[in-house]
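Observations on chain architecture
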Amino acid sequence: MASVKVVRPQTHQQSNLSMLEKGSLGESVADDEIDEEELSRLAESYKEKKDAKGLESLLEGLQRKLCLPQNEGVSKARAAKWVRKLVDMFLESGSASEEAEVRICQKCIVWATEEKRTFLRQSLECRLVGVYYDIRKFEEALKLGGTLLKELKKVDDKNLLVEVLLLESKTYHALGNLPRARAALTSARTTANSIYCPPFMQAELDLQSGILHAADEKDFKTAYSYFYEAFEGLDSIEHPKALTTLKYMLLSKIMLDTPEEVKHLLSGKLHLKYDGKDLEAMKGIALAAQKRSLADFNGAREEFKEELEGDKVIRSHLKTVYDKMMEQNLCRIIEPYSKVEVSWLGTMI
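Residues numbered from 1 in each chain as written. Predicted model: local features only at pLDDT ≥ 70, side-chain atom pairs only at ≥ 80, totals over all residues. Heavy atoms only, no water.

Observations concerning the pattern of salt bridges
A side chain of one charge can pair with a side chain of the opposite charge if their charged atoms are brought near each other. As a reminder of what qualifies: The rule for a salt bridge is simple: a side-chain nitrogen of Lys or Arg has to be within 4 Å of a carboxyl oxygen of Asp or Glu. Helix and strand assignments follow DSSP, with helices taken as H or I runs no shorter than four residues and strands as E runs no shorter than two, numbered in order from the N terminus. Buried residues are those whose accessible area, probed at 1.4 Å on protein chains only, stays under 20% of the maximum for their type, while exposed residues exceed 50% and partly exposed ones sit between those limits.
Taken as a whole and assessed by the stated rule, the structure comprises 21 salt bridges. A salt bridge links Asp88 to Arg84, with the nearest nitrogen and oxygen atoms 3.1 Å apart. Taken together, the positions of Asp88 and Arg84, both in helix 5 (residues 76–92) and four residues apart, correspond to about one turn of that helix. On the basis of relative accessibility, which here comes to 16%, the residue Arg84 falls in the buried class. A salt bridge links Glu163 to Arg84, with the shortest nitrogen-to-oxygen separation between them at 3.4 Å. Of this pair, Glu163 sits in helix 9 (residues 158–175) while Arg84 sits in helix 5, and the two are 79 residues apart along the sequence.

Structure (structure tokens):
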């Protein structure tokens, strides 16, 4: 009896994937049209799998399809939204190398320039500035950001202008140039006040304001207010940065010599929602500060090294916390005595 070979029909999703990735085009116009819902579903699937190569192939397939005559009716704004979304997903997948992130941005910028898609090019250049900042190529970030700022001021694209100014502020802060960081942030906030600012961008502005107040003026009271506003915004949209902002709020309480308030802040829903090693690290530092114990402080710092040293903002303030703890630890030791021998004091530290 002859064997029968069963050929499974290709699903709609597999068909779309094949067309987008390989660029194979169907015979009908409908086969070459872009299914936005299917594209989004495939992109989300690749992102969840951390498949950067799959996202890159999908992006290339989309760019090829956008160049087809039957897709000329797709508005440039919609096309820009699709391409930018795929680039963002590629960068957020966490599976691409630094070189690949820069390459994909540059490649898309070249394509947008050739296709005369000015808005998309500017948006992608802004994203590339962010990539340069993330990988600590600050000189390239400032150079590209400066050129882009001049262009955006001429066309009066205020939303993108706020984004680039914020990145410029972050870059100058990372370089230690606080006056320029503050000037860029002031410009960003002034521009943002004249437009509708999305919740995430407003939270980012508040977060950067808090960081600069803490770094420049050591004004942790004002910094805490900004961190609180940023946290409210990020928590409302359930963004991962909400946890980082919460850590900065707790750091502010420690720096204000009110470590006992850390426990009150973390009571209730906040503790349940964000419970983990990051908050345990901050609680450890707060408890050591409350006890005025340098040994406990060093113990917490060693136990939660990754959570504390891995954040550049917290790391930059740990030295100040250590100096304060040293002074408070000495006070705690000598408080019960009217006279103390220096040699004995040395053994107790």
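Past the structure itself, the notes keep going.
Quick look at the confidence of the model for the protein
What counts is decided by this rule: pLDDT expresses, on a scale from 0 to 100, how confident the predictor is about each individual residue. Residue contacts follow a heavy-atom distance rule, with two residues in contact if any of their heavy atoms lie within 4.5 Å.
Averaged over all residues, the pLDDT of the protein is 85; the fraction at 70 or higher stands at 87%. Low pLDDT, under 50, characterises residues 1–31; the predicted model gives this stretch 39 contacts beyond four residues in sequence or across chains.

A look at the packing of aromatic side chains
Aromatic ring pairs are defined here through the distance separating the ring centres and the angle between the ring planes. For clarity, the cut-off: Centres within 6.5 Å are what make two rings of Phe, Tyr or Trp a pair, Trp counting through its six-membered ring; a difference in plane orientation under 30 degrees is then read as stacked, over 60 as edge-to-face, and the rest as tilted. Here, over-ring charges are defined by two tests on the NZ atom of lysine or the CZ atom of arginine: distance to the ring centre within 6 Å, and angle to the ring normal within 35 degrees.
Within this structure, the stated rule accounts for five aromatic pairs. Ring centres of Tyr133 and Phe138 lie 6.1 Å apart, and the angle between their planes is 45°; this geometry places the pair in the tilted category. Each member of the pair, Tyr133 as well as Phe138, carries the same accessibility label: buried. In this structure, Lys253 is placed above the aromatic ring of Tyr224, and the distance from its NZ or CZ to the ring centre is 4.3 Å.

Side note on the side chain of Lys170
Mapped onto the elements of the fold, Lys170 is located in helix 9. Since its relative accessible area comes to 12%, Lys170 is described here as buried. Not counting chain neighbours up to four residues away, the residues in contact with Lys170 comprise Tyr133, Glu204, Gln208 and Lys241.

Observations regarding the environment of Val129
Here Val129 is to be found in helix 7 (residues 118–134). Residue Val129 is classed as buried on the basis of its relative accessible area, which comes to 2%. Not counting residues within four places of it along the chain, the set of residues in contact with Val129 comprises Ala141, Leu144, Gly145 and Leu167.

Topic: the nonpolar core
The nonpolar side chains of a soluble globular protein tend to be buried with one another. The test is simple: The criterion is simple. A nonpolar core is a set of buried Ala, Val, Leu, Ile, Met, Phe, Trp, Tyr and Cys residues joined through side-chain atoms within 4.5 Å.
In this structure, Leu66, Val83, Val87, Phe90, Leu128 and Leu205 are the most contacted members of the largest nonpolar core, which totals 59 residues. It is helix 5 that provides the largest number of residues to this core, a total of nine residues. Setting aside chain neighbours within four positions, we find Leu128 in contact with Val102, Cys105, Gln106, Ile109 and Leu144. Core analysis: the next-biggest nonpolar cluster, separate from the first, contains 40 residues, Met255, Leu308, Val313 and Ile314 among them.

Side note on the layout of surface pockets
The following threshold applies: The distinction between a cavity and a pocket rests on a 1 Å grid over the protein atoms alone: a 1.4 Å probe fits inside a cavity but cannot get out, while a pocket stays open yet meets protein on both sides within 12 Å along at least five of seven lines, and a residue with an atom within 4 Å of a point counts as lining. Grid points are joined across faces, edges and corners, and a volume is the space filled by probe spheres set on the points. Any residue outside Ala, Val, Leu, Ile, Met, Phe, Trp, Tyr, Cys, Pro, Asp, Glu, Lys and Arg is labelled polar, Gly included; the first ten of those are nonpolar and the last four are charged.
Its volume calculated, the largest pocket comes out at about 1600 Å³. Taken together, 43 residues line the largest pocket, and the ones lying closest to its centre are Arg127, Lys170, Phe200, Glu204 and Lys241. Elements represented by at least two residues in the lining of the largest pocket include exactly helix 5, helix 7, helix 9, helix 11 (199–217), helix 13 (241–255) and helix 19 (312–334). For the lining of the largest pocket, the per-class residue count stands at 20 nonpolar, eight polar and 15 charged. The wall of the second largest pocket is formed by Arg136, His173, Ala174, Ile211, Ala215, Lys218, Lys312, Val313, Arg315, Ser316 and His317. Secondary-structure elements contributing two or more residues to the lining of the second largest pocket are helix 9, helix 11 and helix 19. It is helix 19 that provides the largest number of residues to the lining of the second largest pocket, a total of five residues. A class-by-class count of the residues in the lining of the second largest pocket yields four nonpolar, three polar and four charged.

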